[in-house]
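A look at the structure
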Amino acid sequence: MNIYFAPMEGVTDAIFRRVHRRHFDGVDKYFMPFISPTKSMTFTRREQFDMSPEQNAGMPVVPQILCNSAASFNALAVLLRDMGYKELNLNLGCPSGTVTAKGKGSGLLRAPDKLRELLDGIFTQPVLPISIKTRIGYESVEEWPRLLALLRDYPMSELIIHPRTRQEFYNGMPHREACELIAFPFLYNGDIFSLSDYQALTEKYPRVSGVMLGRGLVANPALGRKLRGGAELTMEELRSFHDDLYTEYLHYWPESAVVGRMHLIMKYFCSCFEETGSVRRMLRKARSVAEYDEAVYRLFHECGLKKEPVFDVDILLGRDQRT
Ligand SMILES: Cc1cc2nc3c(=O)[nH]c(=O)nc-3n(C[C@H](O)[C@H](O)[C@H](O)COP(=O)(O)O)c2cc1C
């Protein structure tokens, strides 16, 4: 069974991926947050850093492309191949309004002709194997059978499904029954936060050849290992991963940016701890490295680790009653 790290823009950047791999095994591939090519092939600083071969040396990493033009996709594919990448992923899932308004990401799911044109153009003579990450529709789950039939016409290396529609963003339960329609091995993504989630999924849908983990793996960086029958996360491991990540960010970024990023990551990590109420408030209010360091010290010294850490969306969104 394959276990992949999902792309998460603003979270799983090159530094995060590299440090994660140094500390935890159990992940077969890391998917990069999307790169969105322009006609002139100019890239944001974030994109340049994230795809640079130096930052990804020795990593099993898959660049993800977000676009609706075969010419742009193919031009970027050549660039990425020349940088040494071995495969690519097409994003048909991004639900953001600014992306879908331009007919990209899940915006392509409501324009089957445009989607077919793009797929015809990228699969005619691909320079690298291409996998696809998709939602199951734009407006409604009823679009899935036709969308799946369309996708089946193309020789993608892997299909990764997130069984929600664009309109659902990340709300509600994933429509796992969409898996029943897929008659070939595929990768599943969505709300796998624990070993029992994983077992329930793979027992029910035997054609699942692997899972892509996002929020659950950020919250519990040992989740990949755990799903493979390995040990539970320990406090020492989490502390060591945190410290290494923090040190790397401080090496590359200004302090205020580091505190902002660590603040976000700690919201996920807080799912691993039993009681974090007042410490979480301290973390949230930390504006300087000194304030952040004090809050982190308290978190690791005063709060116990849960027996089985599970990602908690209420903690992430600040809806937890205890804060
Ligand atoms: C903050 C954030 C950023 C994301 N960025 C991307 C992205 O760049 N490309 C992509 O395909 N999906 C992106 N996603 C979606 C995730 O890859 C994944 O599909 C989603 O989190 C559901 O999986 P999970 O329940 O395991 O977290 C993002 C999700 C989040 C929460």
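What you are looking at is a predicted structure, and each value in this text was computed from that prediction instead of being measured.

A short note on the state of the cysteines
Following the criterion strictly, the structure yields zero disulfides and no others. The cysteine C67 is free of any disulfide, with C94 supplying the nearest cysteine sulfur at 13 Å. C67 gets classed as buried once you look at its relative accessible area, which sits at 2%.

Overview of the domain arrangement of the protein
Once the domains are mapped, the protein shows domain 1 (2-227) and domain 2 (235-316). Relative placement of domain 1 and domain 2: their C-alpha centres are 27 Å apart. Taken together, the contact pairs 24 residues of domain 1 with 22 residues of domain 2. Of the roughly 2000 Å² buried at the junction of domain 1 and domain 2 (both faces included), carbon and sulfur atoms supply 63%. In terms of surface lost to domain 2, no three residues of domain 1 exceed I15, H23 and A219, which account for 24% of the buried area on that side. Across the contact surface, domain 1 and domain 2 share five salt bridges. Linking domain 1 to domain 2 there are ten residue pairs in polar contact (both at pLDDT 80 or more). Put simply, the parts of the chain that give the side of domain 1 that touches domain 2 at least two residues each are α1 (14-23) and α8 (215-219).

Digging into the pairing of strand β6 (residues 130-137)
Burial analysis of β6 places eight of its eight residues in the buried class, which makes it a mostly covered element. Direction of pairing for strand β5 (residues 88-92) relative to β6: parallel, over a ladder of five bridges. Counted as the bridge partner of N91 is K133 from β6. Taken together, the five bridges between β6 and strand β7 (residues 159-165) define a ladder with parallel strand orientation. Within β7, the residue paired with G137 across the bridge is T165.

Focus: the packing of helix α10 (residues 235-252) against helix α13 (residues 289-302)
Contact geometry of α10 with α13 gives a least axis separation of 11 Å together with a crossing angle of 170°. With respect to α13, the element α10 is oriented roughly antiparallel. In contact with M235, L238, R239, H242, Y246 and L250 of α10, α13 contributes V289, Y292, D293, V296, F300 and H301. Of the residues belonging to the contact of α10 with α13, the class tally is eight nonpolar, two polar and two charged.

Analysis parameters
Residues numbered from 1 in each chain as written. Predicted model: local features only at pLDDT ≥ 70, side-chain atom pairs only at ≥ 80, totals over all residues. Heavy atoms only, no water. Disulfide = S-S within 2.5 Å. Buried < 20%, exposed > 50% of the residue type's maximum accessible area, 1.4 Å probe, protein only. Domains from an automatic or database assignment. Contact = heavy atoms within 4.5 Å. Buried area = accessible area lost by both parts, 1.4 Å probe. Salt bridge = Lys/Arg side-chain N within 4 Å of Asp/Glu carboxyl O. Polar contact = N/O pair within 3.5 Å; in protein donor to acceptor, adjacent residues only side chain to side chain. Helix = DSSP H or I, 4+ residues; strand = E, 2+ residues; numbered from the N terminus. Pairing = 2+ DSSP bridges. Axes fitted to C-alpha atoms, helices over the stretch in contact; angles between N-to-C directions. Parallel < 35°, antiparallel > 145°, perpendicular 65-115°, else oblique. Nonpolar A, V, L, I, M, F, W, Y, C, P; charged D, E, K, R; others polar.

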